[in-house]
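A look at the structure
Letter by letter, the chains look like this.
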Amino acid sequence: MTKKQLSTDNQSNQMWGGRFDTQPSDIMQQINASIGVDYRLWRQDIDGSLAHCEMLVKQKIISGDDGQKIIEGLKQVAQEIESAQFEFKVELEDIHMNIESRLKDLIGDVAGKLHTARSRNDQVATDFRLWVREACDELAVKVENFQNTLQSLSKEHKKTIMPGFTHLQVAQPVTLAMHLNAYVQMMTRDKSRIEDCRTRLNESPLGACALSGTGFDTDRVYTAQKLGFDKPMESTMDAVSARDFATEFLFVCAQCGLHLSRLAEEIILWATPQFGFVNLSDEWSTGSSIMPQKKNPDAAELVRAKTGRLNANLIQLMTVMKALPLAYNKDMQEDKAGVFESFDTLSLCLDAMTGMLSTAQFNIDVMKKSTESGYATATEIADWLVRNLNMPFREAHHVTGLIVKLAEGKEYQLDQLTLSDLQSIEPKITDDIFNSLSLDKAIESRLK
Ligand code: ARG
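Our subject in this report is the structure included herewith. Quick caveat, the model's predicted, so the values are computed rather than measured.

1. A word on the overall build of the chain
Scanning the chain for helices and strands turns up 18 helices and eight strands. Over its C-alpha atoms the chain spans a radius of gyration of 31 Å, topping by over 25% the 22 Å that the globule rule assigns to 448 residues. Principal-axis analysis of the C-alpha atoms places the extent of the chain at approximately 100 × 50 × 35 Å. Counting across all 448 residues of the chain, residues that qualify as buried make up 49%. Summarising the internal contacts of the chain: among those between residues at least 6 apart in sequence, 76% fall at separations of at least 24. Summed over all atoms, the accessible surface of the chain reaches about 22,200 Å², with 50% contributed by carbon and sulfur. Here the chain holds 49 positive side-chain charges and 63 negative ones, and the gap between their average locations is 2 Å.

Next comes the structure, spelled out in structure tokens:
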């Protein structure tokens, strides 16, 4: 929203000003207004109002004629917002009152009938659930796109040998496919968390009104169905005060962002000249204004860093909600900024990781060389001793340690040691052990 669209005329509030003699102070308006954030709920607010209005007509709470005027008016408001003709006003506080006020401009006092048997408390909870539901759907698609990219890289690199690390020290040989597949699995769980969150949030608060429901003969099942909810929420007091759907969404975003940050960190390491495992495309790198040789993995660094915001937003809302008494409290207006930001941030991170990885070039030879130079097959020697000499594993581990030490002293790789080198440590070792020292064999024996 541009500054121009956000007017700050200082009138008393048309929506609740009845019992007030003076208008709120400027600062009061500033602290109270949420329109700068919750304008993003406009479409959900219109949809919720359309469903509510149709229900009021069906239940004969308002006349068909009035309902028709309201519906046409709401559609015009939607069209004005969509085409950026709408003027959002700070003195009207939030998206709900901005829309209703414009509706009144357009169709007159009949607009006031729309708020029969409704409160902003159930209205905002409904809008927000609808918004988060869509956000879940969009994120699920982005996670899937990213997963597809990882999967096609995995296919391409089934035979690409690289060192597997523990403690960031070379541990055992793995394939790039094995490495990337770990992230595919993380994304599978993240997607299922998104789906769970969507399923749990998909109940309708509409009709809970301020907190205790209404004396009007409303039909909550009808509005729930119209809005694609599974059913109305059971407790009206819970309906207006629950925000665990939002904290859950924030957690799901934070967790997925955390997974992305781990891969981002690996890409950053792998793209260093010291590792040299991967070249990022120019499209996904930046240069330095002073050091001409530099090609920096900024996108990956930013994905790594964005977890700060994602985690912060989760803690922010959990802190807002902690110890809040039932039912609605204005504190809860602080629920949206973090959710919007986490959605935007995670969407961007997923897109960036998808783009960056789909254009990355892995240096197969460098990866293999690095595996060879890290004594990655030491465990294979130990396993050979166990299998062929019936040695207890602990002893085999010790003997292999001596072999590694010998190789280190000679500045050899393990497969450069001769049979007599090996036999100087364990005389019963035979030629057959060299089969275990090949990286391909070590990988093969694990992939079966
Ligand atoms: N802007 C408010 C929010 O986001 C809407 C609900 C206001 N309800 C109230 N009782 N003041 O929470």
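Let us keep going from here.
2. Overview of the site of the ligand
Contacts to the ligand come from Ser 34, Asp 38, Asp 94, His 96, Arg 120, Asn 121, Val 124, Tyr 328, Gln 333 and Lys 336. Contact between the ligand and Tyr 328: an oxygen atom at 2.4 Å from a side-chain N or O atom of the residue. For the ligand, the protein covers 86% of the area, taking 340 Å² as the surface of the free molecule. Taken together, the residues of the shell around the ligand break down into two nonpolar, four polar and four charged.

3. With respect to the side chain of Thr 400
Turning to its location among the elements, Thr 400 is positioned in helix H15 (residues 393-410). For Thr 400, the side chain forms a polar contact with the main-chain oxygen of Ala 396, separated by 2.7 Å. With residues near it in sequence (within four places) discarded, Thr 400 still touches Ala 378, Ile 381, Ala 382 and Leu 385.

4. Considering helix H12 (residues 336-358)
Because each turn of an α-helix spans 3.6 residues, side chains separated by three or four positions in sequence point in the same direction. The terminal C-alpha atoms of H12 lie 33 Å apart, and with 23 residues this matches the ideal 33 Å at 1.5 Å per residue to within 8%. Among the 23 residues that make up H12, 17 are buried, leaving the element largely enclosed by the rest of the structure.

5. With respect to the pattern of salt bridges
Under the criterion given, the structure shown has 25 salt bridges. As a salt-bridge pair, Arg 102 and Asp 105 come within 3.5 Å of each other at their nearest N and O atoms. Linking Arg 102 with Asp 105, this pair stays in helix H5 (residues 95-107), spanning three residues, or about one helical turn. We note a salt bridge from Asp 440 to Lys 368, for which the minimum N-O separation is 3.8 Å. Taken together, the residues span a long stretch of sequence, with Asp 440 in helix H18 (residues 439-447) and Lys 368 in helix H13 (residues 364-372) at a distance of 72 residues.

6. Focus on helix H11 (residues 298-321)
Between the first and last C-alpha of H11 there are 35 Å, a value that for 24 residues agrees with the 34 Å anticipated at 1.5 Å per step. Taken as a whole, H11 carries its principal kink of about 25° at Arg 304. Of the positions making up H11, those classed as buried are Ala 299, Ala 300, Val 303, Thr 307, Leu 310, Asn 313, Leu 314, Leu 317, Val 320 and Met 321. In the core, the buried residues of H11 are packed alongside helix H9 (236-241), helix H10 (244-270) and H12. Immediately beyond the C-terminal end of H11, within one or two residues, lies Ala 323, with a positive phi of roughly 65°.

7. Re the packing of aromatic side chains
On inspection of all chains with the given rule, the structure shows ten aromatic pairs. Relative to Phe 245, the ring of Phe 128 lies with its centre 5.4 Å away and its plane at 75°, an arrangement referred to as edge-to-face. Of this pair, Phe 128 sits in helix H6 (residues 120-156) while Phe 245 sits in helix H10, placing them 117 residues apart in sequence. Taken together, the ring pairs in this structure connect Phe 128, Trp 131, Phe 245, Phe 340 and Phe 343 into an aromatic cluster. Across from the ring centre of Phe 340, 4.9 Å away, lies the NZ or CZ of Arg 40, which sits over that ring. The positively charged end of Lys 58 is found above the aromatic ring belonging to Tyr 222, 5.1 Å away from the centroid.

8. Details of the packing of H10 against H12
Two elements in contact, H10 and H12, have axes whose closest approach is 10 Å; the angle formed by their N-to-C orientations is 30°. Considering the angle they form, H10 stands roughly parallel to H12. When you trace H10 past H12, the crossing you get is left-handed. When H10 is examined against H12, the residues Ala 246, Phe 249, Leu 250, Cys 253, Cys 256, Gly 257, Leu 260, Leu 263, Ala 264 and Ile 267 are found in contact with a partner set consisting of Gly 338, Val 339, Ser 342, Phe 343, Leu 346, Cys 349, Leu 350, Met 353, Met 356 and Leu 357. Tallied by class, residues from the contact of H10 with H12 come to 17 nonpolar, three polar and no charged.

Here is what the cut-offs are and how they apply
Residues numbered from 1 in each chain as written. Predicted model: local features only at pLDDT ≥ 70, side-chain atom pairs only at ≥ 80, totals over all residues. Heavy atoms only, no water. Helix = DSSP H or I, 4+ residues; strand = E, 2+ residues; numbered from the N terminus. Rg over C-alpha atoms; globule rule 2.2 N^0.38 Å. Buried < 20%, exposed > 50% of the residue type's maximum accessible area, 1.4 Å probe, protein only. Contact = heavy atoms within 4.5 Å. Areas by Shrake-Rupley, 256 points an atom, 1.4 Å probe, with all protein chains shown as cover. Lys, Arg positive; Asp, Glu negative; His and termini not counted. Charge placed at Lys NZ, Arg CZ, Asp CG, Glu CD. Near = heavy atom within 4 Å. Polar contact = N/O pair within 3.5 Å; in protein donor to acceptor, adjacent residues only side chain to side chain. Nonpolar A, V, L, I, M, F, W, Y, C, P; charged D, E, K, R; others polar. Expected span 1.5 Å × (residues − 1). Salt bridge = Lys/Arg side-chain N within 4 Å of Asp/Glu carboxyl O. Bend = angle between axes of the 7 residues up to and from the residue. Phe/Tyr/Trp six-rings, centres within 6.5 Å; stacked < 30°, edge-to-face > 60°. Lys NZ or Arg CZ within 6 Å of the ring centre and 35° of its normal. Axes fitted to C-alpha atoms, helices over the stretch in contact; angles between N-to-C directions. Parallel < 35°, antiparallel > 145°, perpendicular 65-115°, else oblique. Left-handed = near helix turned anticlockwise from the far one by under 90°.

Coordinates in, geometry out; function isn't part of it.
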